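# Observations on the model geometry
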Amino acid sequence: AQSVTQPDIHITVSEGASLELRCNYSYGATPYLFWYVQSPGQGLQLLLKYFSGDTLVQGIKGFEAEFKRSQSSFNLRKPSVHWSDAAEYFCAVGAHGDDKIIFGKGTRLHILP
Amino acid sequence: EAGVAQSPRYKIIEKRQSVAFWCNPISGHATLYWYQQILGQGPKLLIQFQNNGVVDDSQLPKDRFSAERLKGVDSTLKIQPAKLEDSAVYLCASSLREGYNSPLHFGNGTRLTVT
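Only a predicted model underlies this, so the values are computations on that prediction, with no experimental measurement involved.

Right, let's get into the sheet that holds strand β7 (residues 65-68) of chain B. Residues and elements named next belong to chain B. Taken in spatial order, the four strands make up an open sheet running β1-β3-β8-β7, and their pairing is antiparallel. Here the strands that pair on one side only, and so sit at the sheet edges, are β1 (5-7) and β7. Each adjacent strand pair in this sheet contributes to an overall mean axis angle of 15°, direction not counted. Sheet topology note: the β1/strand β3 (residues 19-24) ladder contains three bridges and is antiparallel.

Written out as structure tokens, the structure is:
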């Protein structure tokens, strides 16, 4: 069965600094991969997704993620964070032929002024 | 377009009581999902509807949880009787159709506290 691991529970970065949130997945074939963001008291919003093709995926709000098959990773990046990026970020994986999406436990991002 | 609407936003009940949550998906969205999000964890799928039929309820604790989507539009999720471990945020999501190419749109959730 597929699974997804987000090794960092909390990440703190200064405003304007670059960001990388880690995500590792476990799945035998090419998975479908997603990053969602959840602001306090809100539902989840899709940032970006990878299905196939170019391994560098651009998303909304200036985020991007890179699929690395050899490392079973799908890390989320942003070159310069803004205070409004403070939120919880979830990596998720889906399997071919199965609509079920499995979410990681999330990484809470804190931004220092 | 209006987003996914959920009510209530918060609910506090005692264990062994019953509770119901309501969800109104985005108009025209055929697929509706209920997720449970326990503090410190990612959302876990409880049940998925396609129109008014159940597609997947393998992770729904059927001895106490039930859900319905009459007429294929809005949906209710019920817990009876509630246990302490049911304390969580219950998220409703909808998508235009089944499949990964149709993104999920989430509501703001209902935060349930069982005391």
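So, about the pairing of strand β2 (residues 10-14) of chain A. Residues and elements named next belong to chain A. By the alternation rule, side chains of β2 split into Ile11 and Val13, which are all buried, and His10, Thr12 and Ser14, of which none is buried. Looking at chain direction, β2 and strand β12 (residues 107-112) are connected through five bridges and run parallel. Residue pairing for β12: serine 14 is matched across the bridge by leucine 112.

Let's shift gears to the pairing of strand β5 (residues 44-50) of chain B. Residue and element names in this part refer to chain B. Of all seven residues in β5, five are buried; the element is thus mostly enclosed. Sheet topology places strand β4 (residues 31-37) next to β5; six bridges connect them, and they run antiparallel. The residue of β5 that forms the bridge with tyrosine 35 is leucine 45. The turn joining β4 and β5, which pair antiparallel and follow one another in sequence, is formed by six residues; a positive phi near 85° is taken by glycine 40. Note that β5 and strand β6 (residues 53-56) share three bridges and pair antiparallel. Its bridge partner lying in β6, glutamine 48 is registered against aspartate 56. Two successive antiparallel strands, β5 and β6, enclose a turn made up of two residues, where asparagine 51 displays a positive phi of approximately 55°.

Before going further, it helps to examine the interface of chain B and chain A. At the junction of the two partners, chain B supplies 22 residues and chain A supplies 21 residues. Here chain B packs against chain A, burying approximately 1700 Å² in sum over the two surfaces, 54% of which is carbon and sulfur. Ranking the residues of chain B by area buried against chain A places Pro43(B), Tyr100(B) and Phe106(B) at the top, with a combined share of 38%. Counting the contacts that link chain B with chain A gives five residue pairs in polar contact (both at pLDDT 80 or more).

We now examine the environment of Lys68(A). Residue and element names in this part refer to chain A. Looking at where lysine 68 falls in the secondary structure, it is placed in strand β8 (residues 64-68). For lysine 68, a relative accessible area of 33% corresponds to the partly exposed category. A C-alpha to C-alpha distance of 7.2 Å links lysine 68 and threonine 55, two positions 13 residues apart in sequence.

About the thresholds
Residues numbered from 1 in each chain as written. Chains lettered and ligands numbered in written order. Predicted model: local features only at pLDDT ≥ 70, side-chain atom pairs only at ≥ 80, totals over all residues. Heavy atoms only, no water. Pairing = 2+ DSSP bridges. Helix = DSSP H or I, 4+ residues; strand = E, 2+ residues; numbered from the N terminus. Axes fitted to C-alpha atoms, helices over the stretch in contact; angles between N-to-C directions. Buried < 20%, exposed > 50% of the residue type's maximum accessible area, 1.4 Å probe, protein only. Contact = heavy atoms within 4.5 Å. Buried area = accessible area lost by both parts, 1.4 Å probe. Polar contact = N/O pair within 3.5 Å; in protein donor to acceptor, adjacent residues only side chain to side chain.

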